[in-house]
Amino acid sequence: MAATDRARILIEALPYIQRFSGKTIVIKYGGNAMVDESLKQGFARDVVLMKLVGINPVVVHGGGPQIGAYLKRMGKESRFVEGLRVTDRETMDVVEMVLGGLVNKEIVSLINQQGGKAVGLSGKDGSLIRARKLIMNGPAKDEKLPSEIIDIGHVGEVLGIDPELVALLDTRNFIPVIAPIGVGGDGQTYNINADSVAGKLAITVRAEKLILLTNTPGILDTNDKLLTRLSAKEIDSLIADATIEGGMLPKVRCALDAINSGVSTATIVDGRVDHAVLLEIFTDEGVGTQITS
């Protein structure tokens with residue numbers, strides 16, 4: 001690459017650095033970006049660079065494949081209901097160990113190796129994430145009867161997030177890395193969907209932007225063409241005609257909740273692309289589908 005081309009890249013990034021400097025960006029880290037070694041290193045460098053130019057990144061991570069692999073080694077089968085892991089007491093112990101321990105500390109270590117100052121947190125630390133048991137309603141056995149309640153164990157939903165700890169770490173130049181585990185008023189520990197935690201956190205800390213890393217290019221139309229920019233109204237239409245369905249629905253609803261609650265933009269980003277986070281934040285084209293109000 002010629003020196004002038006490098007200069008153009010830096011110039012292109014300048015207005016975005018100015019726009020996001022001093023602002024918080026919440027990143028849900030998951031998918032291939034958490035498994036492929038090259039992508040893992042690239043993600044850590046992206047986050048460190050963001051912090052160095054004055055942006056406050058906050059990372060919320062998943063870890064479903066790692067949990068599944070550990071359960072398999074234990075001889076325990078993974079079961080899911082509508083994409084959520086059925087979490088009995090034994091599985092919850094594994095979830096907490098893998099998410100709050102192994103996965104969280106690996107991410108912290110990767111960021112620190114790249115020159116950052118990351119701090120790993122579980123939602124239980126300082127009562128960061130308050131949760132309650134998620135109640136799921138299944139179809140009624142008889143149309144005259146109420147819907148049947150499905151018990152999926154220690155799976156929770158966010159009741160509230162305390163922004164104080166995250167704000168304190170940001171002001172001290174630390175990068176928070178958060179495992180999506182919450183605690184109930186009764187002291188019970190809950191496994192929470194990482195997209196949901198990231199969305200609620202973005203709202204709570206008044207983030208400028210929410211980024212959801214995934215294993216797809218973004219939202220596709222019926223011809224599998226990437227839709228790079230959508231409004232909330234357009235999203236509603238795509239859900240209504242089933243263009244958006246399946247595993248993309250929870251991510252889209254999380255993004256809609258965020259932008260309808262004051263977050264400026266939410267982007268579903270292809271985490272399989274090298275330096276996807278930097279490309280999304282600092283370039284005109286971006287990577288994935290940006291959703292705005």
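Up top is the structure these notes are about.
*Asks:* Is there a simple way to explain the sheet that holds strand β13 (residues 209-214) in this structure?
*Replies:* Whenever strands of a sheet pair, they do so through backbone hydrogen bonds, lying parallel or antiparallel. An order of β5-β10-β2-β1-β13-β15-β16-β14 is seen for the eight strands of this open sheet, with the pairing classed as mixed. In this open sheet, the two strands that pair with only one neighbour each are β5 (118-122) and β14 (229-231). Direction aside, the axes of adjacent strands within the sheet are offset by 20° on average. Relative to strand β15 (residues 265-270), β13 is paired through six bridges, and the arrangement is parallel. Note that in β15 the partner of Thr-214 across the bridge is Asp-270.

*Asks:* What am I meant to see in the packing of aromatic side chains here?
*Replies:* In this description, an aromatic ring pair is defined by two values, namely the gap between the centres and the angle between the planes. The final tally for this structure, using the stated rule, is one aromatic pair. Ring centres of Tyr-29 and Phe-43 lie 3.9 Å apart, and the angle between their planes is 5°; on these two criteria the pair is classed as stacked. Taken as a pair, Tyr-29 in strand β1 (residues 24-29) and Phe-43 in helix α2 (residues 37-52) lie far apart in primary sequence, 14 residues in all. Above the face of the Phe-174 ring, Lys-117 is positioned so that its terminal group lies 4.5 Å from the ring centre.

*Asks:* Please explain the packing of helix α3 (residues 64-73) against helix α4 (residues 89-113) as it appears in this structure.
*Replies:* Between two packed helices, what matters for the description is the angle formed by their axes and the separation of those axes. Relative orientation of the contacting elements α3 and α4 amounts to 125°, with a least axis distance of 10 Å. By the criterion of interaxial angle, the relationship of α3 to α4 is oblique. The interaxial crossing formed by α3 with α4 has right-handed handedness. Of the residues in α4, those in contact with Gln-66, Ile-67, Tyr-70 and Leu-71 of α3 are Thr-91, Val-94, Val-95, Met-97, Val-98, Leu-99 and Val-103. Across the contact of α3 with α4, the residue classes break down as nine nonpolar, two polar and no charged.

*Asks:* Hey, could you run me through the environment of Glu-12 in this one?
*Replies:* Mapping Glu-12 onto the fold places it in helix α1 (residues 3-20). Remark: the alpha-carbon pair of Glu-12 and Lys-72, spanning 60 residues in sequence, is separated by 47 Å. Beyond its immediate chain neighbours, meaning those up to four positions away, Glu-12 contacts Phe-282, Thr-283, Asp-284 and Glu-285.

*Asks:* What am I meant to see in α4 here?
*Replies:* Think of an α-helix as turning once every 3.6 residues; residues three or four places apart then point the same way. Taking 1.5 Å per residue, 25 residues should reach 36 Å; α4 reaches 35 Å between its end C-alpha atoms and fits that length. Helix geometry: α4 is bent most strongly at Asn-104, by close to 35°. All of the buried residues in α4 are Thr-91, Met-92, Val-94, Val-95, Val-98, Leu-99, Val-103, Asn-104, Ile-107, Val-108, Leu-110 and Ile-111. Between the side-chain oxygen at the start of α4 and the backbone nitrogen of Glu-90 there is a gap of 3.3 Å, and the oxygen is on Asp-88.

*Asks:* I would appreciate a short explanation of the pairing of strand β2 (residues 56-61) in the present structure.
*Replies:* In regular strands, side chains alternate between the two faces of the sheet. Across the six residues that make up β2, a large majority, six, are buried. Read as a crossover between parallel neighbours, the route from β1 over α2 to β2 is right-handed. Two elements, β2 and strand β10 (residues 175-179), share two bridges in a ladder whose sense is parallel. Looking at β10, one finds that Val-60 is bridged to Ile-178.

*Asks:* For this particular structure, what's the right way to read the nonpolar core?
*Replies:* Val-26, Ile-178, Leu-201, Leu-210 and Ile-219 are the most contacted members of the largest nonpolar core, which has 42 residues in total. Tallying contributions element by element places helix α8 (residues 248-259) first for this core, with eight residues. Setting aside its immediate chain neighbours within four residues, Ile-219 contacts Lys-225, Leu-226, Leu-227, Leu-230, Ile-235, Ile-244, Met-248, Val-252, Ile-268, Thr-289 and Ile-291. Listed in part, the 41 residues of the second largest apolar core include Met-34, Val-59, Ala-118 and Leu-278.

*Asks:* Teacher, can you tell me more about α1 here?
*Replies:* With 18 residues, α1 ought to run about 26 Å at 1.5 Å a step, and its terminal C-alpha atoms sit 26 Å apart, in line with that. For α1, the set of buried residues is Ala-13, Tyr-16 and Phe-20. In this structure, the buried side of α1 is in contact with β1, β13 and α9 (276-282). A positive backbone phi angle near 85° is found at Gly-22, which sits one or two residues after α1.

*Asks:* Quick question: what am I supposed to make of the pattern of salt bridges here?
*Replies:* Oppositely charged side chains can form a pair if their charged atoms are brought close together. In this structure the tally under the stated criterion is 14 salt bridges. In this structure, Lys-40 and Glu-106 form a salt bridge, with 2.7 Å as the shortest nitrogen-oxygen distance. Here Glu-106 lies in helix α4 and Lys-40 lies in helix α2, a separation of 66 residues in the sequence. Members of the salt-bridge network, linked through shared partners, are Arg-19, Lys-23 and Glu-208.

*Asks:* Just checking my understanding: could you explain the packing of α2 against α4 for this structure?
*Replies:* It is at 8 Å that the axes of α2 and α4 come closest, and there the two elements cross at 65°. For the crossing formed where α2 meets α4, the hand is right-handed. The segment α2 lies against α4, with Lys-40, Gln-41, Ala-44, Val-47 and Val-48 engaging Glu-106, Leu-110, Ile-111 and Gln-113. Each residue belonging to the contact of α2 with α4 can be placed in one class, and the counts come to five nonpolar, two polar and two charged.

What counts and how
- Residues numbered from 1 in each chain as written.
- Predicted model: local features only at pLDDT ≥ 70, side-chain atom pairs only at ≥ 80, totals over all residues.
- Heavy atoms only, no water.
- Pairing = 2+ DSSP bridges.
- Helix = DSSP H or I, 4+ residues; strand = E, 2+ residues; numbered from the N terminus.
- Axes fitted to C-alpha atoms, helices over the stretch in contact; angles between N-to-C directions.
- Phe/Tyr/Trp six-rings, centres within 6.5 Å; stacked < 30°, edge-to-face > 60°.
- Lys NZ or Arg CZ within 6 Å of the ring centre and 35° of its normal.
- Parallel < 35°, antiparallel > 145°, perpendicular 65-115°, else oblique.
- Left-handed = near helix turned anticlockwise from the far one by under 90°.
- Contact = heavy atoms within 4.5 Å.
- Nonpolar A, V, L, I, M, F, W, Y, C, P; charged D, E, K, R; others polar.
- Expected span 1.5 Å × (residues − 1).
- Bend = angle between axes of the 7 residues up to and from the residue.
- Buried < 20%, exposed > 50% of the residue type's maximum accessible area, 1.4 Å probe, protein only.
- Polar contact = N/O pair within 3.5 Å; in protein donor to acceptor, adjacent residues only side chain to side chain.
- Right-handed = clockwise from strand over helix to strand, strands pointing away.
- Core = buried A, V, L, I, M, F, W, Y, C linked by side-chain atoms within 4.5 Å.
- Salt bridge = Lys/Arg side-chain N within 4 Å of Asp/Glu carboxyl O.

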